[in-house]
Structures are given as C-alpha cells and as structure tokens.
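Structure at a glance
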Amino acid sequence: KDDNCPDNAGSATNNGCPDEPTDLISFIKSDTNRILFPANSSKLDSSDKEILNKLNELLSQYPNSKILIEGHASSDGPENFNQSLSELRAESVKSYLVELGVSENRLSTIGYGEMKPIEDNKTSKGRKQNRRVAINRSAEMKVN
C-alpha cells in the first residue's frame, strides 16, 4: 500500500520508487558528457571510448535508467548531410555502448543536425564544439 511505483523495483526509503540516479545525473550535467568529433566524422577515438566506458559503469550502477543520445553537427556542409551525420554520431555512441553490454532498449538516439549549436558556427572553435554527441536523461528516466 505504501509503494508509489509498484511496477518498478525501488527502495523503501524512496517509497518503493527507484533511487534517483545521482551519479548518472552528475555525469550528464558535467563537461565530461560531451563527445567531440572531427569534421565529417562519426568515428569514436580512444578518449571518447574512455568517456563511454565511464558511462557504461554508471548505467550498470543504475540498471533501470534509460538515456537519450543526442547527435549534433556544425554548419559546415549541406544541412541534409549534417542531419545524417548527427544521426550517425548518435548511432556510433549507441553501438559502442551496446558492445559494452548495455541493453539497446535503454538507449534512444536522435540527430539534431545543425539545429542546436552551443557555440557560434561562424568560428572554427565554435564549429568544433558543435560537432558533438551529448547524453541526456530519457523522458522515462525522469519519472519518479
């Protein structure tokens, strides 16, 4: 009768709901959460894989958590190419996490193309920051 989340495993201290994935949330809010790509590339390098290995550990710690992998592109090149490239970037991150053993049903991807820059695309430095993948909480993860 006291279980506020009867369909999910949780703790008594959280009224039967899953504990808030605090370490995962901290990772998502940190600067570590951004994977940068070279122009025209969706290939992960060794430093990217280190970040994703850490993310894998966090996902193992919170087995009910789901994430959204957001791909982005700079404004170099045609818009439709950048849209496809952003989707490929998100998929490459997802594929690596699946290789590490994360269940596919915990991972969603979206490509935003050049629609959500975080820096000015008029500068080389800005474009470099915009060629990225970021991890976010999926809508399902936010419900407690």
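Below: a short report on this structure. (Residues numbered from 1 in each chain as written. Predicted model: local features only at pLDDT ≥ 70, side-chain atom pairs only at ≥ 80, totals over all residues. Heavy atoms only, no water.)

Here we come to the packing of helix α2 (residues 46–61) against helix α3 (residues 79–99). Contact geometry of α2 with α3 gives a least axis separation of 10 Å together with a crossing angle of 55 degrees. Compared by their axis directions, α2 and α3 come out oblique. For α2 against α3, the interelement crossing comes out right-handed. Across the interface between the two elements, Lys49, Leu52, Asn53, Leu55 and Asn56 of α2 pack against Val93, Tyr96 and Leu97 of α3. (Axes fitted to C-alpha atoms, helices over the stretch in contact; angles between N-to-C directions. Helix = DSSP H or I, 4+ residues; strand = E, 2+ residues; numbered from the N terminus. Parallel < 35°, antiparallel > 145°, perpendicular 65-115°, else oblique. Left-handed = near helix turned anticlockwise from the far one by under 90°. Contact = heavy atoms within 4.5 Å.)

As a further point, take the packing of aromatic side chains. The geometry of two aromatic rings is summed up by the distance between their centres and the angle between their planes. Tallied over the entire structure, the rule returns 0 aromatic pairs. Stacked on the ring of Tyr112, the Lys or Arg Lys116 has its end atom at 4.2 Å from the ring centre. (Phe/Tyr/Trp six-rings, centres within 6.5 Å; stacked < 30°, edge-to-face > 60°. Lys NZ or Arg CZ within 6 Å of the ring centre and 35° of its normal.)

Considering the arrangement of structural elements, one finds Ser74 in the loop between β2 (67–71) and α3. By relative accessible area, which is 3% here, Ser74 ends up buried. Of note is the side chain of Ser74, whose polar atom sits 3.4 Å from the side chain of Asp76. In contact with Ser74, not counting residues within four places along its chain, are Asn82, Glu114, Asn121, Arg127, Asn130 and Arg131. (Buried < 20%, exposed > 50% of the residue type's maximum accessible area, 1.4 Å probe, protein only. Polar contact = N/O pair within 3.5 Å; in protein donor to acceptor, adjacent residues only side chain to side chain.)

Take the sheet that holds strand β1 (residues 34–36) next. What the 4 strands build is an open sheet, ordered β1-β4-β2-β3; its pairing is mixed. Edge strands, defined here as strands with exactly one partner in the open sheet, are β1 and β3 (107–111). The mean inter-strand angle of the sheet, taken between neighbouring strand axes irrespective of direction, is 20 degrees. The sheet contact formed by β2 and strand β4 (residues 132–137) spans 5 bridges and is antiparallel. When the bridges of β4 are listed, Ile69 appears paired with Ile135. Where α2 meets the sheet, its contacts fall on β1, β2, β3 and β4, and the angle it forms with β1 comes to roughly 155 degrees. Most of the contacts of α3 go to β3, to which it runs at about 165 degrees, and overall it touches β1, β2, β3 and β4. (Pairing = 2+ DSSP bridges.)

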